[in-house]
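Architecture and fold: a report
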Amino acid sequence: MKRTPFKVASLGIQHVLAMYAGAVIVPLIIGGALHLSGKQLTYLVSIDILTSGIATILQVWQNRFTGIGLPIVLGCTFTAVGPIIAIGGQYGLSAIYGSIIMSGIIVILIANLFGKLVKFFPPVVTGSVVTIIGITLIPVAMNNVAGGQGSPDFGAGSNLALAFGTLLFIIVLYRFFKGFIRSIAILLGLIAGTIAASFMGKVNLLAVGDASWFHMVKPLYFGTPTFQLAPIITMTLVAIVSLVESSGVYFALSDITGRKLTEKDLVKGYRAEGLASILGGLFNSFPYTTYSQNVGLVQLSGVKEKNVIYTVGGILVVLGFVPKIAALTTVIPTPVLGGAMVAMFGMVIAAGIKMLSKVDFASQENLLIIACSVGMGLGVTAVPNLFSHLPETVKILSNSGIVAGSLTAIFLNIVFNIKPNKQNQATAQANGQSNA
């Protein structure tokens, strides 16, 4: 379907707004924890947005070496926040970027091996993982609906009115419109919600006024990277966790777009993430991973074209060079964003359930895989301190509900579906030989 430049740009802006808050919160948290100056923090946020754009383009652009070619948006991974702060506090900023660069190189080197794991992702696993991704995102949406975790007016009636008003507006657009209007329903909902919030005095334009019009990118802005073994191991674990999360997103989008993924596709996707992390380290940004919220947007809008995601990458690169424009996207009030997130994250759950519809539910083993993996994912999300007494390296693998649930699904699928198949094949061969 041919779309006008205006329509493509509108769809791209919608994707940017969906991921922007998640993308900027990571550098803000890390920069604050490491006591960076205002100037350093401004640079960190801007370069993070710019490299998110480059990483997204790398993933969408298919070539012989990298790029899975699905409508994927990349941003810095939340999994890295704790480890990066810990590395920065103990080893300094230079060790953070040395470990990010090395983890990216290691991901590229192990991509072929990781790609061979495609047989471990049948519909019972991918459906469970995508469902878990959606379920673990819902608490984020609901916290935003209430005004944002830790906000003084958390749960205030005005916040709830804005959030559910935005959600209702999106639903009305879906009910009474088709085509382009329906595809940008989230964007229109965010605009309408922000306008309503401005009349309530909840829109603060101070950040726009303070931001500069232009800043120059400086590789190795925080100094020459240093390479320490412990930080490298830690960031490599973070990278592997991100690959597990990304695998679920890849399969969700392959189902939405109707494209069957091959081992080669997965390898190129993993390489793109490794290359993005190397760039993140060189430009003093962060490791990158696929953003689940944009999967919900693809499902909700029905727009699957790659040119829209190329536009997203281009917009992010421009925003990285022009902090004042980037600051405009931060004025959307948290409750408005939360209302839109309820629809987007709910669609991720719906995509997971749709994938699970291909599973043989007559099999008790499949039911147990779904039950345990979803239960583990939701449990770790609901009780985040469950593994607080475990060693730091283990906590990286267990503190994320997505990772805990995904690993549970993969492990149980091996136990119930892959091992027995091998045993059955061996038995069949033995019977065939004895009959001969």
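Here's what I pulled together on the structure shown here. Note that the coordinates shown come from a computational prediction; the quantities given were computed from them, not determined experimentally. (Residues numbered from 1 in each chain as written. Predicted model: local features only at pLDDT ≥ 70, side-chain atom pairs only at ≥ 80, totals over all residues. Heavy atoms only, no water.)

Focus: the pattern of salt bridges
Operational definition: The salt bridge definition used is simple: a Lys or Arg side-chain nitrogen within 4 Å of an Asp or Glu carboxyl oxygen. Put simply, DSSP marks the helices as runs of H or I at least four residues long and the strands as runs of E at least two long, and each gets a number from the N terminus on. Note on classification: 1.4 Å probe, protein chains only; a residue is buried when its accessible area is under 20% of the maximum for its type, exposed when over 50%, partly exposed between these limits.
As enumerated under the stated definition, the model contains four salt bridges in all. A salt bridge links Glu263 to Lys116; the nearest nitrogen and oxygen atoms lie 3.4 Å apart. A residue pair is termed long-range when its members are at least 10 positions apart, and Glu263 in helix α11 (residues 263-282) and Lys116 in the loop between α4 (93-115) and α5 (123-145) qualify at 147 residues. Note that Lys202 is salt-bridged to Asp153, the shortest N-O span being 3.2 Å. Of this pair, Lys202 sits in the loop between α8 (185-199) and α9 (206-210) while Asp153 sits in the loop between α5 and α6 (157-176), and the two are 49 residues apart along the sequence. With a relative accessible area of 24%, Lys202 lands in the partly exposed category. Owing to a relative accessible area of 30%, Asp153 belongs among the partly exposed residues under this scheme.

Side note on a nonpolar patch on the surface
For clarity, the threshold we go by: Residues qualify for a patch when their relative accessible area is over 30% and they have no salt bridge, like charges being joined within 9 Å and the nonpolar side chains of Val, Leu, Ile, Met, Phe, Trp and Tyr within 5 Å. Per-residue and other accessible areas follow the Shrake-Rupley method at a 1.4 Å probe size, with only the shown protein chains counted as cover for residues.
On the surface, Leu168, Ile171, Val172, Phe176 and Phe177 cluster together into a nonpolar patch covering about 490 Å² of accessible area. Here Leu168 falls in the exposed class, since its relative accessible area comes to 52%.

Regarding the nonpolar core
Let me state the cut-off plainly: By nonpolar core we mean a set of buried residues, namely Ala, Val, Leu, Ile, Met, Phe, Trp, Tyr and Cys, connected to one another through side-chain atoms within 4.5 Å. Throughout, a residue-residue contact means that at least one pair of heavy atoms, one from each residue, lies within 4.5 Å.
Core analysis: the largest hydrophobic core is formed by 115 residues, its most contacted members being Ile84, Ile186, Leu190, Leu253 and Met344. If you tally residues by element for this core, the top one is helix α15 (residues 334-356), at 12 residues. Setting aside its immediate chain neighbours within four residues, Leu190 contacts Leu17, Thr166, Ile332, Val336, Leu337 and Ala340.

What about α4?
Given 3.6 residues per turn, any residue in an α-helix points the same way as the ones three and four places further on. To keep things clear, this is the line we draw: The span you would expect from a helix comes to 1.5 Å times its residue count less one. Two axes are fitted around each residue, one to the seven residues ending there and one to the seven starting there, and the angle between them is reported as the bend at that residue.
With 23 residues, α4 extends 32 Å between its outermost C-alpha atoms, agreeing within 8% with the 33 Å of an ideal straight helix rising 1.5 Å per residue. If you look at α4, its biggest bend is around 45°, right at Leu109.

Side note on the packing of helix α10 (residues 229-257) against α11
Defined as follows: Here an axis means a line fitted to C-alpha atoms, over the contact stretch when the element is a helix, while the angle between two N-to-C directions is reported on a 0 to 180 degree scale. Throughout this description, any angle smaller than 35 degrees is read as roughly parallel, any larger than 145 degrees as roughly antiparallel, any in the 65 to 115 degree range as roughly perpendicular, and the remainder as oblique. Crossings are assigned a handedness: left-handed for a near helix turned anticlockwise from the far helix by less than a right angle, right-handed for a clockwise turn. Residues are sorted three ways: Asp, Glu, Lys and Arg are charged, Ala, Val, Leu, Ile, Met, Phe, Trp, Tyr, Cys and Pro are nonpolar, and all the rest, Gly among them, are polar.
Between α10 and α11, the shortest axis-to-axis distance is 11 Å and the interhelical angle comes to 130°. Put simply, α10 runs oblique to α11. Like other packed secondary-structure pairs, α10 and α11 cross with a definite hand, here right-handed. In this structure, α10 contributes Ser242, Leu243, Ser246, Ser247, Tyr250 and Phe251 to the contact, and α11 contributes Leu266, Gly269, Tyr270 and Glu273. Residue composition of the contact of α10 with α11, grouped by class: five nonpolar, four polar and one charged.

Points about the packing of aromatic side chains
The way to describe two aromatic rings as a pair is by their centre distance and the angle between their planes. For clarity, the cut-off: Pairs were defined over the aromatic rings of Phe, Tyr and Trp, the Trp ring being its six-membered one, requiring ring centres within 6.5 Å. Orientation was assigned from the angle between planes: stacked under 30 degrees, edge-to-face over 60, tilted for the rest.
Counted under the stated rule, the structure contains four aromatic pairs. Arranged with centres 5.8 Å apart and planes meeting at 40°, the rings of Tyr250 and Tyr270 form a pair that is tilted. Taken together, the positions of Tyr250 in helix α10 and Tyr270 in helix α11 put the pair 20 residues apart, joining distant regions of the chain. Like Tyr270, Tyr250 is buried. Every member of this aromatic cluster is reached through a ring pair, and the members are Tyr97, Tyr221 and Phe222.

With respect to the side chain of Ser254
Where we set the bar: Polar contacts, as used here, are pairs of N or O atoms within 3.5 Å; protein pairs need one atom able to donate a hydrogen and one able to accept it. Residues neighboring in sequence count only if both atoms are side-chain atoms.
Mapped onto the elements of the fold, Ser254 is located in helix α10. There is a polar contact of 2.8 Å between the side chain of Ser254 and the backbone oxygen of Phe251.

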